[in-house]
Amino acid sequence: MSKTKYIFVTGGVTSSLGKGIIAASLAKLLQAQNFRVTIQKFDPYINVDPGTLNPYEHGECYVTEDGAETDLDLGHYERFLNIATSQANNVTTGRVYQSVIEKERRGEFLGKTVQVIPHITNEIKARMRLLGESGDYDIVITEIGGTVGDIESLPYIESVRQLIWDLGKENTIVIHLTLIPYLAAAAELKTKPTQHSVKTLMESGIVADIIVCRTEHELTEELREKIALFCNVKREAVIQSIDVETIYDVPLKMLEEGLDKAVLNRLQLKSDQAPDLTQWNIFLNQFKNPTNQIKIGLVGKYVELQDSYKSILESLIHAGAINETQIEVVSLHSEHIDEKNVEAQLQSLDGLIVAPGFGDRGIEGKITAIAHARTHDIPFLGICLGMQMAVIEYSRNVVQLPDANSTEMEPDCSSPVIDLMESQKSVVNKGGTMRLGAWDCQLEEHSLVKTIYGSKTISERHRHRYEFNNDFMATVFDDTLQVVGVNPDTGLVEIIENKKHPWFVGVQFHPEYKSTVANPHPLFVAFAKAALTHALDRKR
Ligand code: GLN
């Protein structure tokens, strides 16, 4: 008999309903009652991981401690739960097929015809059980990407059906998230799409135990009863998920609706305490009652799509809350910044972030924005490509290396201050081959970052192929721009600081992947504080 309980979250009617947030909110409520919970996401697309996907396709690529390039929902899981996820927490169809095909090549199927059922479904089921079998968790929540009825999700739905039998009904539960659309012309909320999507699930042999209804308007009691009746669930199992001001409200809404109770009852689990959300509520209270307001510019080339820089935006929310400051993020498209308009675009900003990125589109705009921030004392945080561009800007404009560049942008450049890492030179495949995951960084004793982190050795997550070219160390760095963090094993430049600027930091890593509600990232917290100081100074 399995001790771990498994919760499956499926989606119906449309995509983008926020399954990840519902899963993370439920996990938060269970964690707050002392259950050991983790969440995993199964994505139906054929890419082995989202690392090769353009952010316009699938939003930000999130990176775990162990260097997995994953779906951005894992970011929500970590931010809500404050526990690390890993490669095991995100599985795609591509990865499933890749391992089944590798087994076939090794002859592991002993001459059998390899088929979706049972070979692909067995692989999916094994992966769905993997974290549960570690013994580290009481409850594993599995989010199935896509929408029920999609051709590509079928093997996952079939695997869930089989797993319910393998593990027993008392150990498994299916939560179905649907949309209750509002027809303005009829002034009515409609349940029919939900009825159909529950029916589609049933055709695959799965009975939803709980229906979570996304809605823009309150569901009446009558409507809830109707959904229960038509969808074959108890009235308590119809949970409303109404639009809220912030995703961080969702756990409280789910608590009000009794989602955790419905789940625990159905799984025959007893909770020994009411959910302790003290820390969560303190955060929400700070977030909702700011005493100050600042504007932070975010320069990137994917700014049209909110999800492209998800973790940076969330990190700013955490940092804003702790500083009791409302942060308005002003998106600046790097391709639209030039010498002529930079002053106008940046003049109302209290801080500037230059985002990570790849390729040469928009980089001159980034360099121009950085030059302005450097010479106008605007607090600046350069992340990954943002740090590399800060080095190029300084090299060109201060060190007088007019042709300084990154070989990513200009392979034959004569002053390659940013160059491909040695370990990358023999790499041919694009997928999963960058310098990924957590690496140590040693901080300079007398540096701003050492004070910010409060420790000499830190560990941060990475995702890059290029680095500062140490041949230029003596040329580029001086009393003003300094290297204040390096990788202790390779000497790779991890952090730069401008000593003559109130707050100018560039990092080769991605601090945004590690900021959580319980542990806002110190760099973002310090950056927001510096921006606030800048804002208050300007008002004087
Ligand atoms: N394109 C740069 C590199 O590969 C920066 C990557 C990033 O910003 N994540 O090094």
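All figures in this text were calculated on a predicted structure; none of them were measured in a lab.

Some thoughts on the overall build of the chain
So, point 1. Helix and strand content of the chain: 18 helices and 23 strands.
So, point 2. Over its C-alpha trace the chain gives a radius of gyration of 25 Å, about what one expects of a compact globule, namely 24 Å for 540 residues.
So, point 3. The buried share of the chain, taken over its 540 residues, is 57%.
So, point 4. A sequence separation of at least 24 residues applies to 73% of the contacts in the chain between residues at least 6 apart.
So, point 5. Entry remark: accessible area of the chain is about 22,700 Å², with carbon and sulfur atoms responsible for 50%.

Re the packing of helix H5 (residues 116-133) against helix H6 (residues 154-167)
So, point 1. Between H5 and H6, the least distance of the axes is 9 Å, while the angle of their chain directions is 65°. With respect to H6, the element H5 is oriented roughly perpendicular. H5 and H6 meet at a crossing whose hand is right-handed. Taken together, the residues of H6 that come into contact with H5 (itself represented by Val116, Ile117, Ile120, Thr121, Ile124, Lys125, Met128 and Arg129) are Pro155, Tyr156, Glu158, Ser159, Val160, Gln162, Leu163, Asp166 and Leu167.

Digging into helix H10 (residues 259-266)
Because each turn of an α-helix spans 3.6 residues, side chains separated by three or four positions in sequence point in the same direction.
So, point 1. Leu259, Asp260, Ala262, Val263 and Leu264 are the residues of H10 that are buried.
So, point 2. On its buried face, H10 sits against strand S1 (5-11), helix H1 (19-31), strand S7 (172-179), strand S10 (210-215), strand S11 (238-242) and helix H9 (250-257).
So, point 3. Gln268, located one to two residues past H10, shows a positive phi value of around 55°.

Some words on helix H3 (residues 73-81)
So, point 1. With nine of nine residues buried, H3 lies mostly within the body of the structure.
So, point 2. Within the sequence span of H3, burial applies to Asp73, Leu74, Gly75, His76, Tyr77, Glu78, Arg79, Phe80 and Leu81.
So, point 3. In the stretch just after H3, Asn82 is the one whose phi turns positive, near 60°.

Observations regarding the packing of H1 against H3
So, point 1. Interaxial distance between H1 and H3 falls to 9 Å at its minimum, and their mutual angle equals 25°. In terms of their interaxial angle, H1 and H3 are classed as roughly parallel. For the pair H1 and H3, the crossing hand works out as right-handed. Residues Gly20, Ile21, Ala24, Ser25, Ala27, Lys28 and Gln31 of H1 pack against Asp73, His76, Tyr77, Phe80 and Leu81 of H3.
So, point 2. Residue composition of the contact of H1 with H3, by class: six nonpolar, four polar and two charged.

Notes on the site of the ligand
So, point 1. Close to the ligand lie Pro356, Gly357, Phe358, Cys384, Leu385, Gln388, Glu408, Arg463, His464, Arg465, Tyr466 and His510, which account for all nearby residues.
So, point 2. The separation between an oxygen atom of the ligand and a polar side-chain atom of Gln388 is 3.1 Å.
So, point 3. Tyr466 is positioned with one of its backbone polar atoms (N or O) 2.8 Å from an oxygen atom of the ligand.
So, point 4. Within the residue set of the shell around the ligand, elements represented by two or more residues are helix H15 (385-397) and strand S19 (457-464).
So, point 5. Of the residues in the shell around the ligand, the class split is five nonpolar, four polar and three charged.

A few points about the side chain of Thr10
So, point 1. With respect to the helices and strands, Thr10 occurs in strand S1.
So, point 2. Among all residues touching Thr10, those that are not within four sequence positions of it are Lys19, Ile144, Val148, Ile157, Val174, Ile175, His176, Leu177 and Leu201.

Some words on the packing of aromatic side chains
So, point 1. All chains considered together, the criterion is met by 13 aromatic pairs.
So, point 2. Where Phe80 meets Trp280, the ring centres are 5.0 Å apart and the plane angle is 55°; that geometry is what we call tilted. One end of the pair, Phe80, is in helix H3; the other, Trp280, is in helix H11 (residues 278-288), with 200 residues separating them in the sequence.
So, point 3. Look at Phe283 and Phe287: their rings are 6.2 Å apart centre to centre, the planes differ by 10°, and that puts the pair in the stacked class. Of the two residues, Phe283 and Phe287 both sit in helix H11, four residues apart, roughly one turn of that helix.
So, point 4. Overall, Phe283 belongs to the buried group, its relative accessible area being 5%.
So, point 5. Here the aromatic cluster, defined as three or more aromatic residues joined through ring pairs, consists of Phe80, Tyr248, Trp280, Phe283 and Phe287.
So, point 6. The aromatic ring of Trp165 is capped on one face by Lys169, whose charged end is 5.0 Å from the ring centroid.

Section: the environment of Glu460
So, point 1. With respect to the helices and strands, the residue Glu460 is situated in strand S19.
So, point 2. Taking the C-alpha atoms as reference, Glu460 lies 33 Å from Met254; in sequence the two are 206 residues apart.
So, point 3. With residues near it in sequence (within four places) discarded, Glu460 still touches Gly437, Ala438, Trp439, Tyr453, Phe509, His510, Pro511, Lys514 and His521.
So, point 4. Polar contacts involving the side chain of Glu460 include one to the side chain of Tyr453, which spans 2.7 Å.
So, point 5. One polar contact links Glu460 to His521, side chain to side chain, over a distance of 2.6 Å.

What to know about a nonpolar patch on the surface
So, point 1. A contiguous nonpolar patch, built from Tyr97, Ile101, Val116 and Ile117 and spanning about 340 Å² of accessible area, is present on the exposed surface.
So, point 2. Looking at the nonpolar patch, the elements that each hand over two or more residues are helix H4 (93-105) and H5.
So, point 3. Structurally, Ile101 is set in helix H4.
So, point 4. Taking relative accessible area as the criterion, Ile101 reaches 49% and is therefore assigned partly exposed.

Brief notes about the sheet that holds strand S17 (residues 415-420)
So, point 1. The strand order across the open sheet built from three strands is S16-S17-S20, with neighbouring strands paired in mixed fashion. Where the open sheet ends on each side, the last strands, each with one partner, are strand S16 (404-406) and strand S20 (466-468). When strand polarity is set aside, the average angle formed by the axes of neighbouring strands in this sheet is 30°.
So, point 2. Looking at chain direction, S17 and S20 are connected through three bridges and run antiparallel. Looking at S20, one finds that Ile418 is bridged to Phe468.

What counts and what doesn't
- Residues numbered from 1 in each chain as written.
- Predicted model: local features only at pLDDT ≥ 70, side-chain atom pairs only at ≥ 80, totals over all residues.
- Heavy atoms only, no water.
- Helix = DSSP H or I, 4+ residues; strand = E, 2+ residues; numbered from the N terminus.
- Rg over C-alpha atoms; globule rule 2.2 N^0.38 Å.
- Buried < 20%, exposed > 50% of the residue type's maximum accessible area, 1.4 Å probe, protein only.
- Contact = heavy atoms within 4.5 Å.
- Areas by Shrake-Rupley, 256 points an atom, 1.4 Å probe, with all protein chains shown as cover.
- Axes fitted to C-alpha atoms, helices over the stretch in contact; angles between N-to-C directions.
- Parallel < 35°, antiparallel > 145°, perpendicular 65-115°, else oblique.
- Left-handed = near helix turned anticlockwise from the far one by under 90°.
- Nonpolar A, V, L, I, M, F, W, Y, C, P; charged D, E, K, R; others polar.
- Near = heavy atom within 4 Å.
- Polar contact = N/O pair within 3.5 Å; in protein donor to acceptor, adjacent residues only side chain to side chain.
- Phe/Tyr/Trp six-rings, centres within 6.5 Å; stacked < 30°, edge-to-face > 60°.
- Lys NZ or Arg CZ within 6 Å of the ring centre and 35° of its normal.
- Patch = residues over 30% accessible without salt bridge, like charges linked within 9 Å, V, L, I, M, F, W, Y side chains within 5 Å.
- Salt bridge = Lys/Arg side-chain N within 4 Å of Asp/Glu carboxyl O.
- Pairing = 2+ DSSP bridges.

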